[in-house]
Each structure stands twice: as C-alpha cells, then as structure tokens.
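# Geometric and topological summary
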Amino acid sequence: VTQQFFVKPASPADTVRIKSRVVDYSDEGGCVKATLEDGTEAYGDVLVGADGVWSSVRKIMHGLDEGAGGSAASGAAGGALDEAEARTMARDTVRVAQKALRRYSGFTCYAALASHRASNIEEVSYQILLGDKKYFVSTDGGGERQQWFALIREDPGGVDPEPTPENPTPKLDRLRKEFADGNVYACDQDGKVWDGFALELVDATPEEDIKRRDLYDGAPLLATWDPKRWLAPWAAGRVAIMGDAAHPMMPNLGQGGCQSTEDGYRLAEELASVTHTAGTAAALGSYSRKRIFRTSIVQGFAQLGSDLLVDFDLMMTIPLIGPFFLTATQLSMPWILRFLYTPEF
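Predicted model only: the values in this text are computed from it and were never measured.

With that out of the way, let us pick up the overall build of the protein chain. When helices and strands are tallied, the protein chain shows nine helices and eleven strands. Per-residue burial for the protein chain yields a buried fraction of 43% across its 345 residues. Expressed as a percentage of contacts within the protein chain between residues at least 6 apart in sequence, the contacts between residues at least 24 apart total 67%. By element, 58% of the accessible surface of the protein chain is carried by carbon and sulfur atoms, the whole surface being about 17,900 Å².

Now the structure itself:
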C-alpha cells in the first residue's frame, strides 16, 4: 500500500522506480554513486538502503559474499511475489541466508488477509492460539477483514505440493490438518483439537491468497573485530541502512514496521542538522549509534516471545527455573510493554 502511494499520487513521474535494485555503490568524494542492475548510475548526497532483509546495500557495505543480497522469499505478510516465484525461491533462500549471515527463526509462516467478519470481532481484535510447535495469530484488518498468520516450526526451504485436479488446495488442506478442530480432521498430528476460530479464518480465505514464507531475522551487529563497524554498524561514509536491512525481526510483536518508522524519523532528524555535505557521514554515524541499542532489545524480545509461545508449557515443567521465569516475566511485563510501545526517536 505504501509503495502504491509513493508510486502513484504522491510523487512526480519517474521519481520512484521499481525493479531498480542497487548492485554497487561508490563514494565519489562530494557525493555517492549508485549503480542499478539495469546499468543506470544515480548520484546523490546520501544513499539509504531500505531494501529489506536481503539488502544489497548491506551486502556491499559489510563486504559479504556474492549471493548475500538480492531476491529471496521472506516476510510474514508474504511480500509481492507470486506463487511461482515464491516456490522457485524457497530453497534458494536457505543459501542466500547463509551468505547474508541471517538466522532462520525456526518457523515457516502462512499468511493472508481474509475478507471476513470474524465471529468474535466485537469482543476480540487480536488473538493468539497456541499449540505444540505452532501457533495461530489473527488481528482485525479493518473493513470486515482479518489478517492472520499461521507459524509452524519446521526446517527451512520447504514448499507445498502444486495444486492438482485431485487436490486443488494443498495449502488449505495442510492448514486444516495442522489446526484441526474436529470437523474435517479429528485432531492434528499431535492428537490435539484446536479452537475452531483458526479454521474459521483459514476456510474464509481462497487458496491463491495464502502466502508462505520462511521467517529470518538477524542480529544488528555482524560478528566482527572491526571497531569502525561497532561504532556505526549501519553506516559507512555517505551510505546507511535502515528497517529490515538493519534489523529484521520476528512479526509477533508487530514491531518491524514500528522500528523502521523510528529509524526514518531519527535519520531525518540527523540529516536535518547537517549544514554542509562534509558533515553527512557524521550524521549517518550518529543515527546508527542512537538506534542500535533500542532495536537490538526489541529484536531480542521478538525472537524470545516467538519461541516462548510454543515452548512455554515445556518450560513450566522445569523445577525452579519454570516458576522463576514466570514470576520474572510477570514483574517485568509493565516495563517491557512500556519500552516496546512508547516510540523513541
């Protein structure tokens, strides 16, 4: 939606270009030159890589191996890839992630925006159903729509069977088995029967609207002994990265877009203080240092929260550790929620 807003009414013609991936950049002294995949060269005072978890700008900035940047499947919401592209990229993404030093979260994610008025919408706008090695999340999407995510713990690189005349809806069929409510399937593979709300949303969604992606995140700091990278890990000279390029995170806290917005605000504030282009690099370095501490904590909470959703019952069975963790969580939760949902620019 945001891309459509920028591409169409908000910008003059040719201001925003899609399918123009940066393949290289260089500092030209008084400016930075970006080379696009079609051979076009663009010049500017600053280059900001907001190009996602597989950021090409990050790859160049940190000197990662070839294949660490570019196209790969990712993102809880599924992105803009069609099904054929997603299927082709599913296994390639494992290779790209290794080169890009990204970490597989342990979860594959099915997601969709269903045109459906939820049966409990008047009482619940955000809901999580928990199970063994998987969980189901739904949230009010507005306009009698429900955004839902089904996260299942499994190895990366998996793909669903292609639709056939005998089984035209392989994704729907798998989800009906994974979240069986006792109707079509008596129980899931672990013998558990799920609340019918999960399949209420799944069954209201056409097969072609369901996107599947493996979820990857990654620490803001790469393993390095280079002191320059520790001082400003998201900036080098006139170039900076932000959003998922800098701090990809699990979606269960809803903080990926929030932290990207905070990045943008802080970046704009730092650049607004520049009175001469000679001060650009210092401003970008300041942006990086001011943002990394907060985003590192949020990233950690997002991954910890995702793991605990499916491992909570197991942890409670551990003597001493389980009760201690539960008490610590209850005592710290007000601070955690305040930290997460109070913007810090």
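This part takes up the pairing of strand S7 (residues 134–140). Among the seven residues in S7, five count as buried, and that is most of the element. With six bridges connecting them, strand S6 (residues 126–131) and S7 associate as antiparallel partners. Paired with leucine 130 across the bridge in S7 is tyrosine 135. Here S6 folds back onto S7, and the loop between the two strands holds two residues, one of which, lysine 133, carries a positive phi near 65°. In this sheet, strand S8 (residues 146–153) lies alongside S7 in antiparallel orientation, the contact comprising seven bridges.

Turning our attention to the nonpolar core. If you look at the biggest cluster of nonpolar residues, it comprises 21 residues, and the most contacted ones within it are Tyr25, Leu47, Val57, Trp234, Val239, Ile241 and Tyr287. Setting aside residues no more than four positions away along its own chain, leucine 47 makes contact with Tyr25, Val32, Ala34, Val57, Arg238, Val239 and Ala240. Ala114, Ala198, Leu199 and Leu201 belong to the second largest nonpolar core, which has 20 residues in total.

A sheet is described by the order of its strands in space; here five strands give the open sequence S6-S7-S8-S5-S9, paired in antiparallel fashion. Among the strands making up the open sheet, the edge pair consists of S6 and strand S9 (211–217). Shown here is a sheet whose adjacent strand axes are inclined to one another by a mean of 20°, direction ignored. Pairing analysis gives eight bridges linking strand S5 (residues 103–114) to S8, with the strands arranged antiparallel. From the neighbouring strand, phenylalanine 107 faces S8, where its bridge partner is arginine 153. Sitting on the sheet, helix H4 (residues 170–178) is in contact with S5, S7, S8 and S9, with an inclination near 70° to S8.

A surface patch of nonpolar side chains, amounting to about 270 Å² of accessible area, comprises Tyr126, Ile128 and Leu130. As for its placement among the helices and strands, tyrosine 126 is situated in strand S6.

Using the criterion set out here, one finds nine aromatic pairs in the structure. Their ring planes at 75° and their centres at 4.7 Å tell us that phenylalanine 179 and tryptophan 194 sit as a pair that is edge-to-face. Residue phenylalanine 179 is found in the loop between H4 and helix H5 (197–203), and its partner tryptophan 194 is found in the loop between H4 and H5; the two are separated by 15 residues along the sequence. Put simply, the rings of Phe136, Trp148, Phe179 and Trp194 touch in pairs and so form one group of aromatic residues.

What follows is about the pattern of salt bridges. Across all of its chains, the model carries 19 salt bridges by this definition. The salt bridge involving glutamate 122 is made with arginine 117; its shortest N-O contact spans 2.5 Å. A residue is classified by how much of its surface remains accessible, and glutamate 122, at 61% relative accessible area, is exposed. A salt bridge links glutamate 262 to arginine 291, with the nearest nitrogen and oxygen atoms 2.9 Å apart. Of this pair, glutamate 262 sits in helix H7 (residues 256–272) while arginine 291 sits in helix H8 (residues 280–316), and the two are 29 residues apart along the sequence.

Right, let's talk about the confidence of the model for the protein chain for a bit. Of all residues in the protein chain, 88% have pLDDT values of 70 or greater, and the mean over the chain is 86. Looking across the protein chain, the model is least confident in helix H1 (residues 2–7), with a mean pLDDT of 60, and most confident in H4, with 97.

Right, let's talk about helix H3 (residues 83–99) for a bit. For H3, built from 17 residues, the straight-helix expectation of 24 Å at 1.5 Å per residue is met to within 8% by its first-to-last C-alpha distance of 24 Å. Where H3 bends most, at alanine 90, the angle is about 45°. On its buried face, H3 is in contact with S9. After H3 finishes, the residue leucine 101 shows a positive phi value of roughly 55°.

Reading the values: the criteria
- Each chain has its residues counted from 1, following the order in which its sequence is written.
- Only residues with pLDDT of 70 or above have their local features reported here, since the model is predicted, and side-chain atom pairs are shown and tallied only from 80 upward, although totals for entire chains, interfaces and linings are computed over all residues.
- To get the side-chain values, take all heavy atoms of the structure and skip hydrogens and water.
- Secondary structure elements are defined from DSSP: runs of H or I of at least 4 residues count as helices, runs of E of at least 2 residues count as strands, and each element is numbered from the N terminus.
- Think of it in three bands: with a 1.4 Å probe and only protein chains considered, a residue is buried below 20% of the maximum accessible area for its type, exposed above 50%, and partly exposed in between.
- Whether two residues are in contact is decided by their heavy atoms: any pair within 4.5 Å suffices.
- To measure how exposed things are, a 1.4 Å probe is used in the Shrake-Rupley method; for residues, cover is taken only from the protein chains shown.
- Whether two strands pair depends on DSSP finding at least two bridges between them.
- What makes a nonpolar core is a set of buried Ala, Val, Leu, Ile, Met, Phe, Trp, Tyr and Cys residues whose side-chain atoms join them at distances within 4.5 Å.
- Inter-axis angles, ranging from 0 to 180 degrees, are taken between N-to-C directions of lines fitted to C-alpha atoms, where helices are fitted over the stretch in contact.
- Two distance rules govern patches: like charges are joined within 9 Å, and nonpolar side chains (Val, Leu, Ile, Met, Phe, Trp, Tyr) within 5 Å, applied only to residues with over 30% relative accessible area and no salt bridge.
- Salt bridge, as applied in this entry: a Lys or Arg side-chain nitrogen positioned within 4 Å of an Asp or Glu carboxyl oxygen.
- Aromatic rings from Phe, Tyr and Trp, taking only the six-membered ring of Trp, are treated as a pair when their centres fall within 6.5 Å; an angle between ring planes under 30 degrees marks them as stacked, one over 60 as edge-to-face, and anything in between as tilted.
- Per-residue confidence from the predictor is reported as pLDDT, a score between 0 and 100.
- Here the expected length of a helix is defined as 1.5 Å per residue gap, with one fewer gap than residues.
- Note on bend: at a given residue it equals the angle between the axes fitted to the 7 residues ending there and to the 7 starting there.

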